[in-house]
Amino acid sequence: MVEIKERLRQALAAAAQKARQAGDLTVETLPEVVIEEPKERAHGDLATNLAMILTRLEKKNPRLVAETILRHLDLTGTFVAGADIAGPGFINFRLDPAWMGEAVRQALQAGEGYGRSAVGEGQRVLVEFVSANPTGPLLVVQARSAALGDALCNLLDGAGFRPQREFYCNDAGNQLSKLALTMEVRLRQLLGESVELPEEAYPGEYVIDLAREVMEGKAPEIPDGKAILDQPEEIRRDRLGTYAVRRTTDEQKAVLARYGVRFDQWVSERSIRDEGWPEKVVSLLKERGHTYEAEGAVWFRSTAFGDDKDRVLVRGDGTFTYVVPDIAYHLNKFERGFDQVIDILGPDHYGYIARMRAALAALGKPAERFEVLISQWIRLVRSGEAVSSSKRAGNLFLLEDLLEDVGPDAARFFVLMRSADTHMDFDLDLAKLQSQENPVFYVQYAHARIASILRQPEAEPLKGDLTAANFSLLTDPSEQELIRHLATFPEVVAGAALAREPHRVARYATDLAAFFHGFYTRCRVLTDDQALSQARLALAEATRLTLHNALAVLGVSAPERM
RNA sequence: GCGCCCGUAGCUCAGCUGGAUAGAGCGUUUGACUACGAAUCAAAAGGUCACAGGUUCGAAUCCUGUCGGGCGCGCCA
């Protein structure tokens, strides 16, 4: 389909050129020609609004312009059989039926590679996502950002980019101090001391479990859970905090793996600090003259780069504010040579974007290559009412709970169906009780149905070389609709990758499944007519492949049986 | 107060960067299994695209304003 559009685009450009030479048109440079599939089948297979765009420049009636273009249009070699003018001035095209077979053949030949394209030109893209603090288990909100980041990387890969998945672990600074403090207090409580949990500590039960492990001597790094408390504060806090971070991170990795998300790289804030990146950031900003001192602190003049206020980098006591390691980490990303850097963040980190851009620009990095996708909240709904989920109240809904309830396939498909920037409701009752109604089953069922057809004994002798089938026998409207939709898959993948919108693929898969079910109901695949059966089997197999590939992008399984 | 996201069918959401009669799922109503999987299909009902202006051949989409919901705006991270 991409190829056909490209050829048609060239033919149209040539026609405009000829029209100009003949004095029928006056435009020097042709505007970008948009060719799309009309929603209404009655409007042909492809349509362009070229004439209506030219109307403004030519100051002529759009239908007249369309006629002029058609008069000079040469369609040989374009797979387009005919064209006519409709509505306000659309030019509608009918495709040569031979093209249909070509589309199916291409899908079959490409196999698991069907849908891939090269629009990304091998650019390296770093995608950072989830990056939850190592202070507790992953929550249900991460279900969205984890699936989003992972699917985006699949998409980028399919579109010819080279993505890398990265998780940033805040295992230093205040986060760590608080966690270490909590560990110590919990450990003391377990050992019978009467200590209150301080206000700034983490209230979750989870830390108690970790403290118990230490007490019972199950932590390899801390052989004696009681003796650790006799160590100086600096040492005991460090040991307890480090242990808690390691255990938490391991748990997070395990849950993510169950969810089908695997990171290429885990970067720790501690290593960024140890390598001296924060100091480097401050000195670079100083050198470049973007800092000043006031009220005993060192400030970054971020307002000079579009931020709404200046930021403190170094406090009066000489410690860094959180922005410094964050900037340092992003500087590090750029120094690793990526063409594009994408962060997926929650809406609460919105304020982060302007200052990060400002910092990158101040450091002489191409800030326009830094992109932030906001993954909006999931609002949990149970029995028609919002479920509050706050860390402080200890009322948590965990990612692992979600996986337990609905499984990874439904969870991923459900969150990926919606665009990332809409506030979505996740109805727990519906997901749990009516999981059969979840759209993911609709798509998977189509895949399993096709697999079932292919398992039939009658299919056996036909399966040899499906690309050799006689596709001109596929004349039913449901067959043609299915083929048309099949043919757009590579464009959908490329478009979704460029727009960073994986939900388009979920939509596509649902539509494709619907077209297949419609075809299946109308047309029997395996009949007495061998040639027809083979053509239909080929179409079914091409559909199965495409469903499989689309689900693979989403990270959802494509079962042969259900 | 300033900034960002959102407002489309009873509910949850699409709408392909401005196109032709605004779509899907769930729910409601009606119909379809003696051949490949009925977890399916066919059909019906359901809309002031929050509201008001503007831009133009053409607006759910772009601009301005208003209303409503969510979230940010710390020498917390």
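Residues numbered from 1 in each chain as written. Chains lettered and ligands numbered in written order. Predicted model: local features only at pLDDT ≥ 70, side-chain atom pairs only at ≥ 80, totals over all residues. Heavy atoms only, no water.

Visitor: Could you clarify how one ought to interpret the pattern of salt bridges in this entry?
Guide: Where charged atoms from two side chains of opposite charge come close, those side chains can pair. Enumeration according to the criterion identifies 39 salt bridges in this entry. A salt bridge links R237 to E184, with the nearest nitrogen and oxygen atoms 2.7 Å apart. Of this pair, R237 sits in helix α8 (residues 233–258) while E184 sits in helix α6 (residues 173–190), and the two are 53 residues apart along the sequence. Among the ionic pairs, R270 bridges to D238, the shortest N-O distance being 3.6 Å. Placement of the pair is R270 in helix α9 (residues 269–274) and D238 in helix α8, with a sequence separation of 32 residues. What emerges from the salt-bridge pattern is a single network uniting E184, R188, E193, E233, R236 and R237. (Salt bridge = Lys/Arg side-chain N within 4 Å of Asp/Glu carboxyl O. Helix = DSSP H or I, 4+ residues; strand = E, 2+ residues; numbered from the N terminus.)

Visitor: I keep staring at the environment of F90 and nothing clicks. Help me out?
Guide: Within the element layout of this structure, F90 appears in strand β4 (residues 90–95). Residue classification places F90 among the partly exposed residues on the basis of a relative accessible area of 30%. Taking the C-alpha atoms as reference, F90 lies 6.5 Å from A47; in sequence the two are 43 residues apart. (Buried < 20%, exposed > 50% of the residue type's maximum accessible area, 1.4 Å probe, protein only.)

Visitor: Would you take a moment to explain the protein's contact with RNA strand B for this structure?
Guide: RNA strand B sits among 55 residues. The nearest are Y322, R418, Y442, R449 and S452. Within 4 Å of the protein, the contacting atoms of RNA strand B are 60% sugar and phosphate, with bases supplying the remainder. A distance of 2.5 Å separates a sugar or linking oxygen of RNA strand B from a polar side-chain atom of Q175. In this structure, K309 approaches RNA strand B through a side-chain N or O atom, which is 2.7 Å from a phosphate oxygen. With 7 residues, helix α15 (residues 439–455) is the single largest residue contributor to the surface near RNA strand B. Classifying every residue of the surface near RNA strand B gives 20 nonpolar, 19 polar and 16 charged. (Near = heavy atom within 4 Å. Polar contact = N/O pair within 3.5 Å; in protein donor to acceptor, adjacent residues only side chain to side chain. Nonpolar A, V, L, I, M, F, W, Y, C, P; charged D, E, K, R; others polar.)

Visitor: I would appreciate a short explanation of the side chain of T543 in the present structure.
Guide: For T543, the location among the structural elements is in helix α19 (residues 530–554). Residues contacting T543, with those up to four places away along its chain left out, are I450, L482, L486, L512 and F516. (Contact = heavy atoms within 4.5 Å.)

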